[in-house]
Amino acid sequence: MSAPAVAPSLILVDGSSYLYRAFHALPPLSNSKGKPTGAVRGVVSMLKKLVRDFPGVPVVVVFDAKGKTFRDELFTEYKAHRPPMPDDLRAQIEPLHRCVAALGLPLIVQEGVEADDVIGTLALQRAARGGTVLISTGDKDMAQLVDERISLVNTMTDTYLDPGGVEQKFGIPPALIVDYLALIGDKSDNIPGVPGVGEKSALPMLQALGDMDAIYANLEKVRELDFRGASKMPEKLEEHRDQAYLSRQLATIKTDVELELADDQLVMAEPDRDGLRTLYTELEFRAWLDDLGQATRAPEPNRSGNLDYQAVTDPASLADWVKQLAAAEIFAFDTETTSLNYMEADLVGFSFAVESGRAAYVPVGHDYLDAPRQLSLQRVLAALRPLLEDADKTLVGQHIKYDMNVLARAGLEIKAQLRDTMLESYVLDSVAGRHDMDSLAKRVLGVDTIKFEDIAGKGAKQIGFNQVALDDATRYAAEDADITLQLHQRLWPLLDSEPALKALYLDIERPLIPVLSRMERNGAMIDADAMFAQSHEISEKLRKLEEQVHQLAGEPFNLGSTKQLREILFDKLGLPVIKKTPGGEASTAEEVLVELAPDHEIPQLLLDYRGLAKLKSTYTDKLPLLINKTTGRLHTSYHQAVAATGRLSSTDPNLQNIPVRTEEGRRIRKAFIAPPGRVLVAADYSQIELRIMAHLSGDAGLLQAFARNLDVHSATAAEVFGVALDQVSSDQRRSAKAINFGLMYGMSAFGLARQLRISRGEAQSYIDTYFERYPGVKAFMDRIRKEAAEKGYVETLFGRRLNLPEIQARQAQLRQAAERTAINAPMQGSAADIIKRAMIAVDAMISSDFPEAMMIMQVHDELVLEVAAHQAEDFARRVRSLMQDAAELQVPLIVDIGIADNWEQAH
């Protein structure tokens with residue numbers, strides 16, 4: 001059943017059931033103060049969906065009350081085995097109740113009974129009056145209430161049950177559900193049932209004889225039924241007759257509860273928007289704040305209508321504004337263009353602001369019918385050039401690198417001192433939320449900005465900025481500059497008051513902006529023909545893999561269909577179910593296939609198939625199509641303000657995730673080539689995070705290994721496995737490498753055991769031995785956990801700070817995840833800082849000594865550069881020296897360098 005056959009006139013929600021399920025099934029979330037919020041978000045999301053799906057139908061939410069119920073008086077052991085409610089779940093009950101009330105939904109909490117009893121009573125009341133009821137629950141007990149007027153929906157799996165659906169799912173009609181529960185018992189509620197009776201014996205009895213009364217009236221007929229143990233079942237039933245009937249009493253939903261509100265008094269109220277705004281702000285449900293619309297706008301002096309936003313369309317006005325910009329100590333600057341792709345975007349206009357609430361927009365490219373007269377692009381560029389190319393001027397932008405790229409293509413290079421509000425926010429707190437302008441305006445200024453969709457439309461009907469009416473464009477573009485300036489005025493004093501963070505911004509993040517801009521515009525050259533040929537070969541390999549899988553399965557099926565794959569693996573082949581999806585189905589995720597691979601050929605073939613298919617769709621098919629027609633090269637975008645630890649990320653396309661461990665992945669790298677007369681230089685830090693670990697921990701064993709230039713993984717293997725260094729096997733080195741990197745990422749014995757496919761005890765033994773041999777590492781980890789808990793953050797060697805809002809979380813899962821991050825972040829963040837410092841130094845060297853050379857890619861710990869072949873040896877030597885001098889550690893930094901015609905050979 002995909003939907004209720006008849007639209008309901010009342011929806012009753014089992015709030016307690018969903019609260020528990022959301023808490024245990026959904027990823028744990030918390031706000032920046034460490035308060036758990038995930039279950040609240042899950043339940044509220046479900047409630048909002050119900051209200052959307054059934055407009056005008058009252059949605060009533062029922063929760064269990066504190067304290068005992070009448071069932072505890074019937075049976076003192078009722079629910080006695082349930083563990084106490086987790087603190088992180090208990091803490092979410094009150095805010096969830098507040099959210100329900102603020103949404104305008106009737107909320108019922110009745111003492112002495114359970115939520116099921118309240119729901120049963122209301123459902124029967126409405127049905128008796130001729131109404132139809134939909135009960136939203138994940139509790140199978142509720143199936144006993146189903147009839148022609150009452151149906152169930154499990155909102156988490158979006159499945160509905162009417163009487164036929166109940167019989168199809170359970171094998172018995174709704175009227176027998178309570179007898180079924182009485183016979184088999186319920187461990188979660190500690191309902192005893194009849195010992196020895198399970199699903200395979202209860203169902204035949206109920207199907208053949210009827211309800212429990214009928215079964216007890218015909219015990220001898222039970223012996224004749226076809227199920228294992230039927231011959232001895234009458235004696236068991238007779239022995240536990242009282243227990244069976246007690247269990248039926250406990251399992252029966254009470255439908256005559258005396259309620260303060262009758263079902264016809266349950267009316268939804270209008271949502272309390274102010275209350276929701278307060279709650280969503282407290283819980284940090286930012287997307288839902290946006291859903292509240294303009295009413296979410298906080299009072300702000302400069303958004304009250306006293307805005308001075310001007311459209312500049314004549315030479316005199318432009319000259320006046322240029323004069324104001326020249327006199328200003330700092331001004332905000334922004335561009336409007338035709339595309340988000342910096343290599344294709346044409347300039348449509350410029351905006352700037354010199355004081356809060358006052359800004360201007362200079363249109364140069366609005367070309368819709370009857371567009372007003374505008375100044376020419378060249379005239380405006382000529383007027384702005386002296387300001388933007390003045391190294392003594394200071395301008396502030398939001399994601400200024402994009403504007404630099406667009407202007408550079410127009411022939412203007414920004415040389416002014418830069419401030420970037422995106423990076424100011426990111427350096428202050430990388431995990432506070434998103435750092436785009438709209439998010440920052442909301443979080444920092446309490447302002448809802450004009451969205452692009454507001455002026456340009458959505459979807460297929462969206463127009464380009466050059467088609468936006470000038471009045472709308474002026475409000476939008478001038479606001480961008482105004483908000484950017486206000487953000488800087490709020491963020492910079494905070495940064496200025498933190499010397500380490502200010503230095504990080506001024507010495508690393510800000511100087512990196514023009515470096516990344518140049519690298520993006522340089523682009524990388526790829527051999528499109530080689531990639532298309534590889535795509536063709538992969539297609540053939542995929543076809544053969546599919547044939548192998550079909551042959552092993554004994555039938556053809558769609559390898560991309562999760563449903564069909566589930567049927568083959570678990571129903572037909574009988575492989576064990578390792579993990580289930582949130583909807584309760586057997587998972588076919590990659591981690592499951594990895595675990596199943598040793599037991600059958602198909603899971604490994606599927607892994608091979610998926611890996612090749614992803615390579616094909618992501619790289620060999622796609623990359624040639626992304627070659628820029630003007631430059632003939634591939635251009636990516638590098639992001640400074642995404643990864644919490646300071647690492648750069650790459651998108652459109654992502655060049656940092658090309659696999660290197662497979663032959664096909666290496667072939668993709670081989671297609672990255674140098675043009676004639678030039679070569680690629682690949683410079684890669686060797687084991688930089690382990691070297692940083694040695695430096696931070698001061699462990700004598702690690703320091704000695706690096707000082708002697710030993711292979712650290714082999715050295716670790718020799719220590720852990722107690723063998724001579726020259727006797728270390730490849731398997732021992734592999735295990736030691738997993739230990740080295742695993743511990744650095746806070747891996748547990750369980751995680752290590754899974755990775756190495758060994759027992760948990762053996763993994764724990766490896767870890768214990770490692771810490772015995774490297775006690776400084778253990779001391780460092782213990783120290784960093786303690787400091788993180790005390791400070792709420794950890795720092796890199798260069799003062800980058802990673803805040804850990806969940807380090808004090810009451811929920812162990814959240815707290816342990818924060819502790820793992822605390823251990824790894826100083827290593828990964830310091831490595832990110834070091835290569836950024838190296839990039840700045842190498843870029844300066846290129847500008848002064850090798851002007852024809854180019855930095856073309858950064859892949860985590862590796863730089864890829866392009867240089868004239870005759871200069872390659874000298875260039876590579878200089879690059880290595882600068883990279884190795886980017887930081888001074890207790891152990892040497894080592895850079896591996898290769899020179900070749902393609903990236904793979906140079907790597």
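Refer to the preceding data block for the structure.
As the structure is a computational prediction, the values presented were derived from the model and not from experiment.

Rules used throughout
- Residues numbered from 1 in each chain as written.
- Predicted model: local features only at pLDDT ≥ 70, side-chain atom pairs only at ≥ 80, totals over all residues.
- Heavy atoms only, no water.
- Helix = DSSP H or I, 4+ residues; strand = E, 2+ residues; numbered from the N terminus.
- Buried < 20%, exposed > 50% of the residue type's maximum accessible area, 1.4 Å probe, protein only.
- Areas by Shrake-Rupley, 256 points an atom, 1.4 Å probe, with all protein chains shown as cover.
- Lys, Arg positive; Asp, Glu negative; His and termini not counted.
- Charge placed at Lys NZ, Arg CZ, Asp CG, Glu CD.
- Pairing = 2+ DSSP bridges.
- Axes fitted to C-alpha atoms, helices over the stretch in contact; angles between N-to-C directions.
- Salt bridge = Lys/Arg side-chain N within 4 Å of Asp/Glu carboxyl O.
- Phe/Tyr/Trp six-rings, centres within 6.5 Å; stacked < 30°, edge-to-face > 60°.
- Lys NZ or Arg CZ within 6 Å of the ring centre and 35° of its normal.
- Core = buried A, V, L, I, M, F, W, Y, C linked by side-chain atoms within 4.5 Å.
- Contact = heavy atoms within 4.5 Å.
- Expected span 1.5 Å × (residues − 1).
- Arc of directions from axis to C-beta.
- Parallel < 35°, antiparallel > 145°, perpendicular 65-115°, else oblique.
- Nonpolar A, V, L, I, M, F, W, Y, C, P; charged D, E, K, R; others polar.

S.K.: Sorry if this is basic, but what is going on with the overall build of the protein here?
M.R.: Summing up its helical and strand segments, the protein has 38 helices and 22 strands in all. Expressed as lengths along the three principal axes of its C-alpha atoms, the size of the protein is roughly 100 × 80 × 55 Å. Counting over 907 residues, the protein shows a buried share of 52%. Of the roughly 40,800 Å² of accessible surface on the protein, 49% is carried by carbon and sulfur atoms. Averaging the positions of the 101 positive and the 130 negative side-chain charges in the protein gives two centres separated by 2 Å.

S.K.: Hey, could you run me through the sheet that holds strand β20 (residues 854–859) in this one?
M.R.: Through backbone hydrogen bonds, the strands of a sheet pair up, either in parallel or in antiparallel fashion. The strand order β20-β21-β17-β22 describes an open sheet built from four strands, whose pairing is antiparallel. Lying at the two open borders of the sheet, with one neighbouring strand each, are β20 and β22 (895–900). The average undirected angle you get between the axes of adjacent strands in this sheet is 20°. One ladder, built from six bridges, connects strand β17 (residues 678–685) with β22; its direction is antiparallel.

S.K.: Help me understand the pattern of salt bridges in this model?
M.R.: Two side chains of opposite charge can pair, provided their charged atoms sit close to one another. For the structure shown, the criterion picks out 47 salt bridges. In this structure, Arg543 engages Glu547 in a salt bridge whose closest nitrogen and oxygen atoms are separated by 2.5 Å. Residue Arg543 and its partner Glu547 are located together in helix α24 (residues 528–553), separated by four residues, close to a single helical turn. A residue is classified by how much of its surface remains accessible, and Glu547, at 44% relative accessible area, is partly exposed. The shortest N-O distance in the salt bridge between Arg733 and Asp711 comes to 2.8 Å.

S.K.: Would you explain the packing of aromatic side chains in this entry?
M.R.: Aromatic ring pairs are described here by two measures, namely the spacing of the ring centres and the angle between the planes. The final tally for this structure, using the stated rule, is 16 aromatic pairs. On the basis of an interplanar angle of 75° and a centroid distance of 5.1 Å, the ring pair of Phe285 and Trp288 is categorised as edge-to-face. Relative accessible area serves as the criterion here: at 8%, Trp288 is assigned to the buried category. Joined through ring pairs, the aromatic side chains of Tyr361, Phe452, Phe465 and Tyr476 make up one cluster. Here the guanidinium or amino end of Arg41 rests over the ring plane of Phe285, the centre of that ring lying 5.2 Å away. Seen from the ring of Trp492, Arg419 lies directly overhead, with NZ or CZ sitting 4.5 Å from the centre.

S.K.: Teacher, can you tell me more about the sheet that holds strand β8 (residues 331–337) here?
M.R.: Strand order in the open sheet made by the six strands is β7-β10-β9-β8-β11-β12, with mixed pairing throughout. Because the sheet does not close on itself, it has two edges, and the strands there are β7 (308–311) and β12 (417–420). Each neighbouring strand pair of the sheet contributes to a mean axis angle of 25°, computed without reference to strand direction.

S.K.: Help me understand the nonpolar core in this model?
M.R.: Soluble globular proteins: nonpolar side chains tend toward being buried together. Residues Phe672, Tyr685 and Phe875 are the most contacted members of the largest nonpolar core, which totals 99 residues. Ranked by residues supplied to this core, first place goes to helix α36 (residues 812–849) with 14 residues. Among all residues touching Tyr685, those that are not within four sequence positions of it are Ile834, Ile835, Ala838, Asp861, Met883, Gln884, Ala886, Leu893, Ile894 and Val895. In this structure, Phe170, Ile172, Leu181 and Tyr216 belong to the second largest nonpolar core, which totals 57 residues.

S.K.: For this particular structure, what's the right way to read the environment of Thr37?
M.R.: Tracing the sequence through the fold places Thr37 in the loop between α1 (15–25) and α2 (38–53). Its relative accessible area of 2% is what places Thr37 among the buried residues. With 55 residues separating them in the primary sequence, Thr37 and Gln92 have C-alpha atoms 6.6 Å apart. In this structure, Thr37 is in contact with Leu29, Ser30, Asn31, Gln92, Leu283 and Phe285, ignoring residues within four places of it in sequence.

S.K.: What am I meant to see in helix α35 (residues 775–791) here?
M.R.: Since the α-helix turns once every 3.6 residues, residues separated by three or four places project in the same direction. Helix length check: α35, at 17 residues, gives a terminal C-alpha distance of 24 Å against a target of 24 Å (1.5 Å per residue), a fit within 8%. Among all positions of α35, only Gly776, Val777, Phe780, Met781, Ile784 and Ala788 are buried. Buried residues of α35 fall within an arc of 135° about the axis and therefore sit on the same side. In α35, those exposed residues whose orientation departs by more than 90 degrees from the buried face are Lys786 and Glu790. Next to the buried residues of α35 lie α29 (688–697), α30 (700–707), α32 (730–744), α34 (760–773), β18 (793–795) and α36.

S.K.: What's the story with the packing of helix α31 (residues 712–721) against α32 in this structure? I'm lost.
M.R.: Any two packed helices are characterised by how steeply their axes cross, that is the angle between the axes, and by the distance between the axes. Two elements in contact, α31 and α32, have axes separated by 8 Å at closest approach and are oriented at 100°. By the criterion of interaxial angle, the relationship of α31 to α32 is roughly perpendicular. Between α31, through Val712, His713, Ser714, Thr716, Ala717, Val720 and Phe721, and α32, the contact on the second element is made entirely by Gln732, Arg733, Ser735, Ala736, Lys737, Ile739, Asn740 and Phe741. Grouping the amino acids of the contact of α31 with α32 by side-chain chemistry returns seven nonpolar, six polar and two charged.

S.K.: Looking at this model, I keep getting lost on the pairing of strand β10 (residues 358–363). Mind explaining?
M.R.: Consecutive side chains along a regular strand alternate between the two faces of the sheet. With respect to burial, β10 is a largely interior element, six of its six residues being buried. Residues Arg358, Ala360 and Val362 of β10 are buried on one face, and the alternating residues Ala359, Tyr361 and Pro363, pointing to the opposite face, are buried as well. Pairing geometry for β7 and β10, over four bridges, is parallel. Opposite Tyr309, over in β10, you have Ala359 as the bridge partner. The sheet contact formed by strand β9 (residues 347–355) and β10 spans six bridges and is antiparallel. Its bridge partner lying in β10, Ser351 is registered against Tyr361. Adjacent in sequence and paired antiparallel, β9 and β10 are bridged by two residues, among which Gly357 carries a positive phi angle near 85°.

Without other data, these values stay purely geometric and don't point to any function.
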